[in-house]
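Spelled out from the first residue to the last, the chains are:
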Amino acid sequence: MKRHYILVLQLLSFTMMGAIGAFMSYINLYLEQVVGFTGTQIGLVTMLSMSLIIVVNPILGYIGDKTGQHVFMLKLAFFLSTVFVFIYSRSYTFLVILLVAILFEVARSPVGPFIDLITSDYCEKVGFDFGRVRVFSSIGFMSTVMSVGFMIAGVQMPWFNGQTIGFDGFLSIRAAVFGAVLILMGLSFVLMFFVPQPDHTKGKSNNEGKFNREDVKALLVNKRFQFMLVFVVLSLVALETAKTFVGNHLVVGLGSAENIVSVMTFVMVFPEFILLPFGSKIIRKVGFRNWYLLTMVTMVGRMLIYAFTANIAIFAVASAVHGFGVTTHVVGNIAFIRKVVAPKVLGLAFTIMMSVLGFSRAVLSFVYGLLYERFDGFAVFRLATVLLVCGFLWVLKSKSLKEVEAELLL
């Protein structure tokens, strides 16, 4: 095992997720507070900007698997993403922001699936736990989102005699958010020149053979793969899309300062540092199906609390279970897909999953945006609760997780 490759992949996970985290956590708040968009306009920007992903991502996945040029395509994705983020930061009207948002989402669309492919391939080859690389995504997400929040609103801590110590915010939302995303996207582009090349990442399970249409057809009719696509929508997408309105709900709806986003991020992400490095062992110990059921119970319980409490302390406590869902998606879902999908179409499988994720998130963003504008954040979280209950029932009735669990133990 070449340790420098692991280090590069860990740093790339940090910078990539730090950039995405800063953007996703604050962009809705930026659009409402700075640009002046309504909930419907925010939902429209997200929905329309992500609608093309359902077409673009599988095409990119097909090209990547056909040519083996995943690394080059990632370099291009990071470069273009950096360019479009800069233009986004200088845009002020609805139509211009919508156009740039579309270009940005298309540019960054292969980033997640291709990095997961390259990282999981290399980890499989050298016998390194995938979760010990991807935990750096959590570190990057938490440290960046918290830092951006503190730069915007500062931080004050209680001290003696009723006094406080700390500092005031020193950057605008625009400068802090887009500055962080630009720097981290640029660093990700540089790191792509040092990742392991395809001949260094292919593990023992990667079957050589010509990529053809029959492989694509087999993937599309794969019932276990179909199970995972539906599961992602009724779990990760339902929750994460609703979570993009947490900043608006807490700051605009409940009157908190912008740095509440930093506090909430710490509460959500810190447990991931414990769960992710040992995710594979934990899931195997508990059992695939049992772990997924536990994950859905935590998601439903958390969203129920979001949907009915205005108490920020209770809201924060409920957020502490966030690590269960992240571990499931990062460790469980990727292990599941690598088991049920032929190695030579893994890139296509990951990009199809990202397309379904992106499209469903786009639709839900618009629906949530309507609910937020006409009612409030509570309405958003109540609809999310209904979808998560459906996700729980989907896991409960499916045999796919039990089957894959048995195969992994062989």
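To be clear, the structure that these remarks concern was listed above.
Residues numbered from 1 in each chain as written. Predicted model: local features only at pLDDT ≥ 70, side-chain atom pairs only at ≥ 80, totals over all residues. Heavy atoms only, no water.

**So, the packing of aromatic side chains**
Now for step 1: A complete count under the given rule lists 20 aromatic pairs for this structure.
Now for step 2: Relative to Phe193, the ring of Phe189 has its centre 5.3 Å away and its plane inclined at 90°; by these criteria the two rings are edge-to-face.
Now for step 3: Among the aromatic residues, those joined into a cluster by ring pairs are Phe227, Phe231, Phe288, Tyr292, Phe336 and Trp394. (Phe/Tyr/Trp six-rings, centres within 6.5 Å; stacked < 30°, edge-to-face > 60°.)

**What about the layout of surface pockets?**
Now for step 1: Considering only enclosed or pocket space, the largest pocket measures out at about 520 Å³ in volume.
Now for step 2: Mapped onto the lining of the largest pocket, the elements with two or more residues apiece are α6 (111-126), α15 (279-286) and α18 (322-340).
Now for step 3: Looking at the lining of the largest pocket element by element, the count peaks at 6 residues for α18.
Now for step 4: Class assignment of the residues belonging to the lining of the largest pocket gives a composition of 11 nonpolar, 4 polar and 5 charged. (1 Å grid on protein atoms, 1.4 Å probe; cavity = no way out; pocket = protein on both sides within 12 Å on 5 of 7 lines; lining within 4 Å. Points joined across faces, edges and corners; volume = space filled by probe spheres on them. Helix = DSSP H or I, 4+ residues; strand = E, 2+ residues; numbered from the N terminus. Nonpolar A, V, L, I, M, F, W, Y, C, P; charged D, E, K, R; others polar.)

**Digging into the pattern of salt bridges**
Now for step 1: Under the definition given, this model contains 8 salt bridges.
Now for step 2: Measuring nitrogen to oxygen at the nearest pair gives 2.8 Å for the salt bridge that ties Arg338 to Asp121. Residue Arg338 is found in helix α18, and its partner Asp121 is found in helix α6; the two are separated by 217 residues along the sequence. This pair shows no difference in class: Arg338 is buried, exactly as Asp121 is.
Now for step 3: The shortest N-O distance in the salt bridge between Glu124 and Arg338 comes to 3.4 Å. With Glu124 in helix α6 and Arg338 in helix α18, this residue pair connects regions lying 214 residues apart in the sequence. (Salt bridge = Lys/Arg side-chain N within 4 Å of Asp/Glu carboxyl O. Buried < 20%, exposed > 50% of the residue type's maximum accessible area, 1.4 Å probe, protein only.)

**Section: a nonpolar patch on the surface**
Now for step 1: A surface patch of nonpolar side chains, amounting to about 590 Å² of accessible area, comprises Ile54, Val55, Ile59, Tyr62, Ile63, Phe359, Val363 and Val367.
Now for step 2: Listed by contribution, the elements that provide at least two residues to the nonpolar patch are α3 (53-67) and α19 (346-374).
Now for step 3: Locating Val55 in the fold gives a position in helix α3.
Now for step 4: For Val55, a relative accessible area of 48% puts it in the partly exposed group. (Patch = residues over 30% accessible without salt bridge, like charges linked within 9 Å, V, L, I, M, F, W, Y side chains within 5 Å. Areas by Shrake-Rupley, 256 points an atom, 1.4 Å probe, with all protein chains shown as cover.)

**Quick word on helix α11 (residues 223-243)**
Now for step 1: In this model α11 runs 29 Å from its N-terminal to its C-terminal C-alpha over 21 residues, within 8% of the 30 Å that 1.5 Å per residue would give.
Now for step 2: A bend of about 35° at Val232 is the largest found in α11.
Now for step 3: Of all 21 residues in α11, 16 are buried, a share of seventy percent or more.
Now for step 4: Where α11 begins, one side-chain oxygen reaches toward the backbone nitrogen of Arg224, 3.0 Å away; that side chain belongs to Asn222. (Expected span 1.5 Å × (residues − 1). Bend = angle between axes of the 7 residues up to and from the residue. Polar contact = N/O pair within 3.5 Å; in protein donor to acceptor, adjacent residues only side chain to side chain.)

**Regarding the environment of Val386**
Now for step 1: Tracing the backbone through its elements, the reader meets Val386 in helix α20 (residues 377-397).
Now for step 2: Taking the C-alpha atoms as reference points, Val386 and Leu234, 152 residues apart in sequence, are found 9.4 Å from one another.

**Quick notes on the packing of helix α10 (residues 213-220) against α19**
Between two packed helices, both the angle of their axes relative to each other and the distance between the axes serve to describe the pair.
Now for step 1: Direction vectors running N to C along α10 and α19 enclose 45°, while the axes themselves pass 11 Å from each other. Between α10 and α19, the crossing angle belongs to the class labelled oblique. Relative to α19, α10 is oriented so that their crossing is right-handed. Residues Val216, Leu219 and Leu220 of α10 form the contact with α19, whose own contacting residues are Leu348, Ala349 and Ile352.
Now for step 2: Taken together, the residues that form the contact of α10 with α19 break down as 6 nonpolar, no polar and no charged. (Axes fitted to C-alpha atoms, helices over the stretch in contact; angles between N-to-C directions. Parallel < 35°, antiparallel > 145°, perpendicular 65-115°, else oblique. Left-handed = near helix turned anticlockwise from the far one by under 90°. Contact = heavy atoms within 4.5 Å.)

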